[in-house]
Amino acid sequence: MLAKEHIDQLLSKNGNVLSTDGDKIGSIGEVYADDDNGQPTWVTVKTGLFGTSESFVPLETARVEGNDLVVPYSKDQVKDAPRIDTDSHLDPAEEDRLYQHYQLGGAKTYTDATRGSDAGLATGRAGTSDSDDTRGAVGRDTSGPTTDDAMTRSEERVNIGTEREATGRVRLRKYVTTEHVTKTVPVQREEVRLEREPITDTNRGSAMSGPDLSEEEHEVILHEERPVVEKETVPVERVRLDKDTVTDQVQVDEEVRQERIETDGIDETRRR
């Protein structure tokens with residue numbers, strides 16, 4: 001358990017909170033002490049841009065290393081701790097949420113962020129004196145709890161962009177199919193036709209040129225055409241894949257939060 005003098009030294013030196021591997025989690029904000037014995041039990045760590053966010057970290061297993069405080073938790077675990085107002089007393093329900101987040105058992109009631117000897121421990125922010133801490137805080141602002149007479153109003157804004165991701169794959173694949181082709185082709189053939197001609201003065205000489213009686217054979221060769229099929233492979237077209245970029249309109253719905261500022265205790269009738 002850390003002693004009070006250790007915490008006083010860390011607050012006066014503007015110490016930081018480190019993880020066990022040496023990474024800086026953030027700077028020390030406030031220290032919360034036990035109501036009964038005044039022992040320091042919780043510390044807030046200022047994280048985020050300009051230290052505008054604070055997270056509670058238990059001091060149960062913390063140790064002092066120079067001007068810094070080393071805790072056995074990672075930066076992500078501390079930043080993911082339940083959001084609790086650092087300017088108020090820790091109630092049992094809030095402590096239970098913190099114990100559950102850091103996987104610790106037991107629950108106690110601790111002092112709030114008030115300053116002075118009654119609390120048993122100065123629980124001020126790092127780098128501030130007791131006289132500064134006793135002043136009333138003008139709201140919780142990005143510059144700290146003790147701000148000037150102005151209040152900053154913030155709002156969330158939506159920044160929408162696009163990212164490129166693969167949605168599918170297209171490829172060309174070639175395969176062979178078989179079709180039946182039917183065509184009609186004209187073919188020619190020779191046929192025998194018997195012709196008889198009478199003996200006339202014109203052909204009498206040819207007819208009487210041989211012996212009177214004889215045996216003879218005459219042979220005629222017949223021809224016909226038959227279909228002959230030949231196949232050849234010829235290129236018919238070229239196919240390739242190409243891409244076109246099209247633009248669609250996509251409607252995005254998102255909720256944003258805005259801070260509103262209201263006034264209390266102002267007599268509107270006197271301002272007219």
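Residues numbered from 1 in each chain as written. Predicted model: local features only at pLDDT ≥ 70, side-chain atom pairs only at ≥ 80, totals over all residues. Heavy atoms only, no water.

**Student:** What should I look at first to understand the side chain of serine 19 in this one?
**Tutor:** When you line up the elements, serine 19 lands in the loop between strand S1 (16–18) and strand S2 (24–33). According to the relative accessible area criterion, serine 19 is buried, its value standing at 5%. (Helix = DSSP H or I, 4+ residues; strand = E, 2+ residues; numbered from the N terminus. Buried < 20%, exposed > 50% of the residue type's maximum accessible area, 1.4 Å probe, protein only.)

**Student:** Teacher, can you tell me more about the sheet that holds S2 here?
**Tutor:** Within a sheet, each strand pairs with its neighbour through backbone hydrogen bonds, oriented either parallel or antiparallel. An order of S4-S3-S2-S1-S6-S5 is seen for the 6 strands of this open sheet, with the pairing classed as mixed. The open sheet has two edge strands with one neighbour each: strand S4 (53–58) and strand S5 (63–65). Between one strand and the next, the sheet's axes are offset by a mean angle of 40°, whatever the strand orientation. Pairing of S2 with strand S3 (residues 40–47), which is carried by 5 bridges, proceeds in the antiparallel orientation. The residue bridging valine 31 from the neighbouring strand is valine 43, located in S3. (Pairing = 2+ DSSP bridges. Axes fitted to C-alpha atoms, helices over the stretch in contact; angles between N-to-C directions.)

**Student:** I tried to follow the nonpolar core on my own but got confused; where do I start?
**Tutor:** Soluble globular proteins tend to bury their nonpolar side chains together. Judged by nonpolar contacts, the single largest core of 25 residues is most densely connected at Trp42 and Val57. Only helix H1 (4–12), S2, S3, S4 and helix H3 (92–101) provide two or more residues apiece to this core. For this core, the leading source of residues is S2, giving 4 residues. (Core = buried A, V, L, I, M, F, W, Y, C linked by side-chain atoms within 4.5 Å.)

**Student:** What should I look at first to understand the pairing of S3 in this one?
**Tutor:** Regular strands have side chains that alternate between both faces of the sheet. In terms of residue burial, S3 counts as a mostly covered element, since 7 of its 8 residues are buried. Across 6 bridges, S3 lies against S4 in antiparallel orientation. Paired with valine 45 across the strands is serine 55, a residue of S4.

**Student:** What exactly am I supposed to notice about the packing of aromatic side chains here?
**Tutor:** Each aromatic ring pair is specified by the distance between its two centres and by the angle formed by the two planes. One pass over the structure, following the stated rule, counts 4 aromatic pairs. Ring geometry for tryptophan 42 against phenylalanine 56: centres 6.4 Å apart, planes inclined by 75°, an arrangement best described as edge-to-face. Residue tryptophan 42 is located in strand S3, and its partner phenylalanine 56 is located in strand S4; the two are separated by 14 residues in the primary sequence. With relative accessibility at 1%, the residue tryptophan 42 sits in the buried group. You can call phenylalanine 56 buried: its relative accessible area is 0%. (Phe/Tyr/Trp six-rings, centres within 6.5 Å; stacked < 30°, edge-to-face > 60°.)

**Student:** Any chance you could explain the pattern of salt bridges here in plain terms?
**Tutor:** Note on pairing: side chains with opposite charge can pair once their charged atoms come close. Counted according to the given criterion, the structure contains 8 salt bridges. Ionic pairing is found between arginine 157 and glutamate 155, a salt bridge with its closest N-O pair at 3.3 Å. Exposure remark for glutamate 155: the relative accessible area of 33% places this residue in the partly exposed category. Between glutamate 191 and arginine 189 there is a salt bridge; the shortest N-O distance is 3.0 Å. By relative accessible area, glutamate 191 is classed as exposed at 58%. Among the charged side chains, a network of salt bridges with common partners joins Arg153, Glu155 and Arg157. (Salt bridge = Lys/Arg side-chain N within 4 Å of Asp/Glu carboxyl O.)

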